[in-house]
Amino acid sequence: MSGPPGARGRRTGLLLVLPALVPVVAVVGAALTSALLAALGLAPLVGEPRLTGAAFTAPADQLASAVPLSLAIAAAATAAAAAVGLALALAAVATARRSRLLGALSAATVPVPHLVGAAAMGLLLADAGFLPRLLGVAPEDWPALVGGRWWVAVVAEYAWKESAFVALVVGGVLASRSRSYGETAAVLGAGRWARFRTVTLPLAAPALGAASAISFVYVLGSYEVAALLGRAAPEPLPVLAVRLSTSIDLAARPQGAAVAVVTAGLALLAVVLALRALRRLAAWG
Amino acid sequence: MGLIGRRAAARPGRAVLATRLGRAVLAAWLVLPLVPLLLWAVADRWSAPAVLPQELGTDGLRDALAAGGPAALARSTALGAAVAVLATPLGALAARALVVHRVPRPGAVLAVLLSPLVLPPFAVALGLDVLLLRLRVPATAGVVLLLTVAALPYTTIVLRAALAAQDRGFEEEARTLGATPWQVLRGVQVPLLAPALAGAAFLAFLVGWSDYVVTLLVGGGRLVTLPLLIGSAASATGNEAQVAVLSLTAVLPPLALLALVGVPGRRARGGRR
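Position numbers for residues start from 1 in each chain and track the written sequence from start to end. As a convention, the first chain written is A and the first ligand written is 1, with the rest following in written order. A pLDDT threshold of at least 70 governs which residues receive local features in this predicted model, and a stricter bar of 80 or more applies before side-chain atom pairs are shown or counted, although totals over entire chains, interfaces and linings include all residues. Each side-chain value is derived from all of the structure's non-hydrogen atoms; neither hydrogens nor water enter the calculation.

## A look at the overall build of chain A
Then, in step 1: Secondary structure is summarised from DSSP: a helix means a run of H or I of at least four residues, a strand means a run of E of at least two, and numbering begins at the N terminus for each. When its secondary structure is counted, chain A shows 11 helices and 0 strands.
Then, in step 2: Order of helices (α) and strands (β) in chain A, N terminus to C terminus: α-α-α-α-α-α-α-α-α-α-α.
Then, in step 3: Dimensions of chain A, computed from the C-alpha atoms along their principal axes, are close to 75 × 75 × 30 Å.
Then, in step 4: Within chain A, the fraction of its 285 residues that count as buried is 49%.
Then, in step 5: Taking contacts inside chain A between residues at least 6 apart in sequence as the whole, the part at least 24 apart equals 71%.
Then, in step 6: Within the structure as shown, chain A displays about 13,100 Å² of accessible surface, and the carbon and sulfur contribution to it stands at 67%.
Then, in step 7: Within chain A, the 11 negative side-chain charges are centred at a point lying 21 Å from the centre of the 21 positive side-chain charges. Burial status follows relative accessibility: with a 1.4 Å probe on protein chains alone, a residue under 20% of its type maximum counts as buried, one over 50% as exposed, and anything between as partly exposed. Whether two residues are in contact is decided by their heavy atoms, any of which lying within 4.5 Å being enough. For every accessible area listed, the method is Shrake-Rupley and the probe measures 1.4 Å; residues are considered covered only by the protein chains on display. Neither His nor the chain ends contribute to the count of charged residues, in which Lys and Arg are positive and Asp and Glu negative. For this purpose, a charge sits on NZ of Lys, CZ of Arg, CG of Asp or CD of Glu.

Printed below as a string of structure tokens:
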């Protein structure tokens with residue numbers, strides 16, 4: 001009697017999905033609504049509500065530097081994570097000499113909290129960190145990777161953690177599908193490079209694209225790594241939003257809400273674009 | 001370097017050598033960031049430019065204990081467990097509704113359930129913290145609510161995939177043989193789904209265990225979890241050993257759980273390799 005396609009089955013389905021749906025709708029809906037109201041001046045902590053776009057225009061300069069900075073950090077980290085993650089997945093599922101070690105190491109990296117990753121990257125990449133000591137470079141000659149101009153430590157942390165995530169997702173897809181195709185292609189005389197280009201890459205592409213999109217959106221909205229390893233100015237969107245929202249200056253709080261709304265809008269836009277691209281990929285492949 | 005040198009002595013072909021070198025680089029990429037954590041955790045004195053600690057000891061452990069490490073560990077465990085206990089059954093019910101029953105507009109329902117993946121957690125926390133205060137929701141309950149919502153996409157995805165791959169024949173057969181709905185649930189559905197349930201619960205646990213920004217913003221400073229302790233220790237200078245000990249404390253329990261549960265993605269598809 002499970003799942004009869006009728007009104008009764010639908011009602012059961014609705015009853016089963018509601019316990020998950022209600023908290024999600026309540027939390028997401030209430031958070032977006034109250035952030036939007038606060039940003040538009042309609043929910044002030046003190047004074048009369050008045051519709052205004054001031055919270056978006058007041059931090060316009062900071063927004064103008066935060067948006068491209070956040071997008072660049074997310075793009076750089078995602079590109080590196082996708083490339084390294086694909087390489088890890090290929091090594092972990094290779095037909096000949098499959099690397100169990102790399103599979104296990106990737107899986108073990110996934111549950112490391114990002115904050116721990118950030119602390120570790122700080123100890124590795126700072127000017128008195130482990131890497132310059134290992135390479136025998138004096139602290140004063142070491143480039144400012146932590147808190148420097150190019151956000152190297154921040155991008156490295158996200159690339160490190162997300163490469164393991166990409167490896168797990170892509171590896172899971174490849175493990176179940178690629179071996180037989182690859183063997184067939186090899187029997188038919190395809191070389192390594194041809195097999196990679198015509199068999200493995202098209203098989204991996206949808207999973208790689210989806211994992212990259214998830215990584216991009218995650219990095220775009222993540223706070224703690226940039227807060228710990230970044231520089232004071234310019235700030236990426238999450239750091240800017242949290243600083244404004246927790247400011248003792250009550251007038252700054254609507255601005256924090258506005259930055260949060262902008263970040264959420266960017267994340268949503270990125271996901272819509274990614275879904276479109278993935279659909280085209282699926283139709284093409 | 002020693003490893004690569006030793007392997008090269010076996011005189012393999014150039015392609016094999018390139019593959020091995022590439023794999024050594026990949027292994028270093030994954031392992032290298034954790035090496036300074038391991039070394040700092042047991043270093044009492046390790047000043048630049050020494051490559052290895054000059055004095056080993058337990059100063060880091062002592063400082064981590066003094067900073068409230070054990071209480072934070074207990075709070076993080078409880079938070080992760082609470083999120084797992086809530087998000088796993090809710091995700092299982094939702095997955096079953098989506099796969100087995102006909103939910104009206106299944107695409108839209110799934111999109112809503114996955115929407116927390118898209119929204120930045122800090123934005124949700126900033127949007128809600130004043131509202132939660134006005135509604136007088138206790139800070140800890142607020143944190144658990146937000147993190148459960150953040151974990152629901154993961155549990156729903158994992159359990160939906162597992163249910164879709166499952167053979168519904170066993171349930172039908174049990175019912176034909178006269179099993180009650182409760183017996184079918186306990187004797188057939190849960191055991192068949194057990195690996196995926198464990199994987200989903202593990203991911204939900206990680207959401208609570210690893211969170212920093214939601215606990216910081218909604219917890220209002222009262223819920224000091226392990227990540228909060230690490231965050232405050234790491235933003236000051238001079239306590240590398242304490243940061244390292246706290247960080248390892250935050251890494252080892254999930255790794256032990258991972259060894260127990262197995263890789264979530266793989267187990268979720270029925271234990272196939």
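The structure having been displayed, the exposition proceeds.
## As for the overall build of chain B
Then, in step 1: Counting secondary structure elements, chain B contains 14 helices and 2 strands.
Then, in step 2: Atoms counted for the radius of gyration: C-alpha only. Globule rule: 2.2 Å times the number of residues to the power 0.38. Over its C-alpha atoms chain B spans a radius of gyration of 23 Å, topping by over 25% the 19 Å that the globule rule assigns to 273 residues.
Then, in step 3: Structurally, chain B occupies a C-alpha span of about 70 × 65 × 30 Å along its principal axes.
Then, in step 4: Buried positions account for 45% of the 273 residues belonging to chain B.
Then, in step 5: A fraction of 69% describes how many contacts in chain B between residues 6 or more apart in sequence connect residues 24 or more apart.
Then, in step 6: By element, 66% of the accessible surface of chain B is carried by carbon and sulfur atoms, the whole surface being about 13,200 Å².
Then, in step 7: The averaged location of the 11 negative side-chain charges in chain B is 11 Å from the averaged location of its 24 positive side-chain charges.

## Side note on the packing of aromatic side chains
Then, in step 1: Centres within 6.5 Å are what make two rings of Phe, Tyr or Trp a pair, Trp counting through its six-membered ring; a difference in plane orientation under 30 degrees is then read as stacked, over 60 as edge-to-face, and the rest as tilted. Under the counting rule described, the total for this entry stands at 5 aromatic pairs over all chains.
Then, in step 2: Here A:Tyr223 and B:Tyr212 contribute two aromatic rings whose centre-to-centre distance is 6.4 Å and whose plane-to-plane angle is 10°, an arrangement assigned as stacked. With A:Tyr223 in the loop between helix 8 (192-220) and helix 9 (224-229) and B:Tyr212 in the loop between helix 10 (181-210) and helix 11 (213-218), this pair bridges two chains.
Then, in step 3: Among the residues examined, B:Tyr212 registers a relative accessible area of 12% and is labelled buried.
Then, in step 4: Between the aromatic rings of B:Phe205 and B:Trp209, the centroid separation amounts to 5.5 Å while the plane-to-plane angle is 25°, which identifies the pairing as stacked. Within this pair, B:Phe205 and its partner B:Trp209 are both found in helix 10, separated by 4 residues, close to a single helical turn.
Then, in step 5: Over a ring means this: the NZ of a Lys or the CZ of an Arg is within 6 Å of the ring centre and within 35 degrees of the ring normal. A:Arg133 extends its terminal NZ or CZ atom over the ring of B:Trp46, reaching a point 4.8 Å from the ring centre.

## Description of the packing of helix 5 (residues 69-99) of chain B against helix 12 (residues 226-234) of chain B
Residues and elements named next belong to chain B.
Then, in step 1: Two elements in contact, helix 5 and helix 12, have axes whose closest approach is 7 Å; the angle formed by their N-to-C orientations is 135°. Classified by the interaxial angle, the pair formed by helix 5 and helix 12 is oblique. Every residue of helix 12 that contacts helix 5 at Gly69, Ala72, Leu73 and Ser76 is listed here: Leu226, Pro227 and Leu229.
Then, in step 2: Nonpolar residues are Ala, Val, Leu, Ile, Met, Phe, Trp, Tyr, Cys and Pro. Charged residues are Asp, Glu, Lys and Arg, and all others, Gly as well, are polar. Looking at the contact of helix 5 with helix 12 residue by residue, the class counts come to 5 nonpolar, 2 polar and no charged. Helix axes are fitted to C-alpha atoms over the stretch in contact, other axes to C-alpha atoms as well, and angles between N-to-C directions run from 0 to 180 degrees. Angles are sorted into four bins: roughly parallel if under 35 degrees, roughly antiparallel if over 145, roughly perpendicular if 65 to 115, and oblique for all others.

## Concerning the confidence of the model for chain A
Then, in step 1: pLDDT runs from 0 to 100 and stands for how confident the predictor is about each residue. On average, residues of chain A score 90 in pLDDT, and 95% of them are at 70 or above.
Then, in step 2: The least confident element of chain A is helix 7 (residues 152-187) of chain A, whose mean pLDDT is 88; the most confident is helix 5 (residues 114-125) of chain A, at 97.

## Here we look at the interface of chain A and chain B
Then, in step 1: Across the contact, 81 residues belong to chain A and 82 residues belong to chain B.
Then, in step 2: Accessible area that two parts lose when put together, evaluated with a 1.4 Å probe and summed over both, is termed the buried area. For the pair chain A and chain B, the summed buried area comes to about 6,900 Å², and 79% of that belongs to carbon and sulfur atoms.
Then, in step 3: Salt bridge criterion: a side-chain nitrogen from Lys or Arg within 4 Å of a carboxyl oxygen from Asp or Glu. The interface formed by chain A and chain B contains 0 salt bridges.
Then, in step 4: Whenever two N or O atoms come within 3.5 Å, that pair is a polar contact, provided that in protein one can donate a hydrogen and the other can accept it, and provided that, for residues adjacent in sequence, both atoms are side-chain atoms. Applying the counting criterion to the chain A and chain B interface returns 6 residue pairs in polar contact (both at pLDDT 80 or more).
Then, in step 5: For the side of chain A that touches chain B, the leading source of residues is helix 1 (residues 7-39) of chain A, giving 20 residues.
Then, in step 6: For the side of chain A that touches chain B, the class distribution of residues is 59 nonpolar, 15 polar and 7 charged.

## What to know about unusual backbone geometry
Then, in step 1: A:Ala233 connects to A:Pro234 through a cis peptide bond whose omega is -5°.
Then, in step 2: With respect to the helices and strands, the residue A:Pro234 is situated in the loop between helix 9 and helix 10 (237-245).
Then, in step 3: Residue B:Pro49 is reached from B:Ala48 by a cis peptide bond, and omega for that bond is 5°.
Then, in step 4: Here B:Pro49 shows up in the loop between strand 1 (43-45) and strand 2 (55-56).

## What to know about the pattern of salt bridges
Residue and element names in this part refer to chain B.
Then, in step 1: Across all of its chains, the model carries 6 salt bridges over all chains by this definition.
Then, in step 2: A salt bridge links arginine 45 to glutamate 55, with the nearest nitrogen and oxygen atoms 3.4 Å apart. Taken together, the residues span a long stretch of sequence, with arginine 45 in strand 1 and glutamate 55 in strand 2 at a distance of 10 residues.
Then, in step 3: Overall, glutamate 55 belongs to the partly exposed group, its relative accessible area being 41%.
Then, in step 4: A salt bridge links arginine 62 to aspartate 63, with the shortest nitrogen-to-oxygen separation between them at 3.2 Å.
Then, in step 5: On the basis of relative accessibility, which here comes to 28%, the residue aspartate 63 falls in the partly exposed class.

## Observations concerning the packing of helix 6 (residues 106-118) of chain B against helix 8 (residues 139-164) of chain B
Residue and element names in this part refer to chain B.
Then, in step 1: At a minimum axis distance of 7 Å, the contact between helix 6 and helix 8 shows a crossing angle of 125°. On the basis of the axis angle, helix 6 is oblique to helix 8. The two elements helix 6 and helix 8 cross, and the hand of that crossing is left-handed. Within the contact between the two elements, helix 6 uses Leu110, Leu113, Leu114, Pro116 and Leu117 and helix 8 uses Val149, Ala150, Pro153, Tyr154, Thr156, Ile157 and Arg160. Should the near helix be turned counterclockwise from the far one by less than a right angle, the crossing is left-handed, whereas a clockwise turn marks it as right-handed.

## Considering a nonpolar patch on the surface
Then, in step 1: Among the surface-exposed residues, A:Leu14, A:Leu15, A:Leu18 and A:Val22 lie close enough to one another that they form a single nonpolar patch of about 350 Å² accessible area.
Then, in step 2: Of note, A:Val22 is situated in helix 1. Patches draw on residues past 30% relative accessible area with no salt bridge. Two like charges within 9 Å are joined, as are two nonpolar side chains (Val, Leu, Ile, Met, Phe, Trp, Tyr) within 5 Å.

## Focus: the nonpolar core
Within soluble globular proteins, side chains that are nonpolar generally end up buried alongside one another.
Then, in step 1: In this structure, B:Leu113, B:Phe122 and B:Leu146 are the most contacted members of the largest nonpolar core, which totals 124 residues.
Then, in step 2: For B:Leu146, the residues in contact, after removing those within four places along its chain, are A:Val27, B:Val124, B:Ala125, B:Leu128, B:Leu132, B:Val214 and B:Val218.
Then, in step 3: Only buried Ala, Val, Leu, Ile, Met, Phe, Trp, Tyr and Cys residues count toward a nonpolar core, and they belong to the same one when joined by side-chain atoms within 4.5 Å. With 15 residues, the next largest nonpolar core counts A:Ala89, A:Leu174, A:Leu208 and A:Ala211 among its residues.

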